[in-house]
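Coordinate analysis (summary)
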Amino acid sequence: MAQQDEPSAWAYTARRVVRHLRWARTEGVRRLVEEDRLDPVQQAGTALAKWRWRRAHPQPPGRAVPVYLVGLQRSGTNMLARGLDVAPSFEVRNENDRRVFHRFRLRSDAVLADVVRRSRHRHVLVKPLCDTHRVDELLGLAGLRPGRALWAYRDVDDRARSEVAKFGDANLRALRAIADGTIGDRWQGQRLDGPARELIAGFDYDRMTPHTAAALFWYVRNSLFFTLGLADRDDTLLCSYDALVAAPAAYTRRLCAFLDLPYDPALHGHIGPRGPRRPRLELDGRVRALCTELAGRLDARAGLDPAVGRG
């Protein structure tokens, strides 16, 4: 849905071009092509597999189960979406799908519901990262089968590095706008409770580094998992990126069991071995403590051994 204070089409396009150039420069063009699924051969192969599945498994509209992949940007959601897209029974609507999204925000609930109802697949995966704060509402949309939600999270240091590499100081600017009250209708300020707003207002953003801001934003957004009551729901699965890359087969089996999806090794065939851990970032001490505490809560709720992540 369009926001009152969103930039013009020209400004929005210019920002995206700059961001992609920065990403290509820092991570390489190959990584950009892989992340945005720009390989036409891969796209054609995926589309053909799904067409064959629909032919072999005719299913009337209105039977698809919506699956919402949420969390925070740069938390491994592309890896999860890419894996589930391998399953031919899944229809995947990523955040650049203009039928469902406008500038990475969901269009109306009516549009979303219509797309899901029209699907002839068993599941429709939607990745509304900028609408993560609405996932409890999305799970209860009228006229659809009961949905599922996957909340992805990642080690705070790795996420902060990836965020700054691709988006620069975007999190710093968003936090400053929340603190000074100029955030308007932008998604970064939605559904924050009083304690969260008070916390954000208590920092000096003229002295904060982009990495510390990315870590604080990690804390604020992932805290919503608990403040929205999702930890107590059996229709939401907390997904650790670090656990997935550490043990792809075992973690994918867990994911398949939650989604009632037959396990197939191809679902994690794109996940390669992870390189050595990089040193921790130099973060503001208060922010580090907050993130360490929340990481422990997330790992405990996800049933992980603390050694899997670093918090």
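Residues numbered from 1 in each chain as written. Predicted model: local features only at pLDDT ≥ 70, side-chain atom pairs only at ≥ 80, totals over all residues. Heavy atoms only, no water.

Here we take up helix α9 (residues 194-201). Every buried residue of α9 is accounted for by A196, L199 and I200. Projected down its long axis, α9 carries its buried residues within an arc of 95°, all on one side. Exposed residues on α9 whose side chains face more than 90 degrees from its buried face are P195 and E198. Looking at the buried residues of α9, the elements they touch are α8 (170-180), α10 (210-227) and α13 (285-301). For α9, the capping residue at the N-terminal end is D193, with a side-chain oxygen 2.9 Å from the backbone nitrogen of A196. (Buried < 20%, exposed > 50% of the residue type's maximum accessible area, 1.4 Å probe, protein only. Helix = DSSP H or I, 4+ residues; strand = E, 2+ residues; numbered from the N terminus. Arc of directions from axis to C-beta. Contact = heavy atoms within 4.5 Å. Polar contact = N/O pair within 3.5 Å; in protein donor to acceptor, adjacent residues only side chain to side chain.)

For the pair α8 and α9, interaxial distance at closest approach is 8 Å and the crossing angle is 110°. Considered as vectors, α8 and α9 are oriented roughly perpendicular to each other. The handedness of the crossing between α8 and α9 comes out as left-handed. Residues L175, I178 and A179 of α8 touch α9, and the partners they reach there are R197, I200 and A201. Across the contact of α8 with α9, the residue classes tally to five nonpolar, no polar and one charged. (Axes fitted to C-alpha atoms, helices over the stretch in contact; angles between N-to-C directions. Parallel < 35°, antiparallel > 145°, perpendicular 65-115°, else oblique. Left-handed = near helix turned anticlockwise from the far one by under 90°. Nonpolar A, V, L, I, M, F, W, Y, C, P; charged D, E, K, R; others polar.)

So, on to the pattern of salt bridges. For the coordinates displayed, the defined rule picks out 21 salt bridges. Measuring nitrogen to oxygen at the nearest pair gives 4.0 Å for the salt bridge that ties R277 to D155. In this pair, R277 sits in the loop between α12 (248-259) and α13 while D155 sits in the loop between β6 (148-153) and α7 (156-167), placing the two residues 122 residues apart along the sequence. According to the relative accessible area criterion, D155 is buried, its value standing at 4%. Close ionic contact of D157 with R288 constitutes a salt bridge, the shortest N to O distance being 2.9 Å. Separated by 131 residues along the polypeptide, D157 in helix α7 and R288 in helix α13 bring together distant segments of the chain. R288 carries the same exposure label as D157, and that label is buried. (Salt bridge = Lys/Arg side-chain N within 4 Å of Asp/Glu carboxyl O.)

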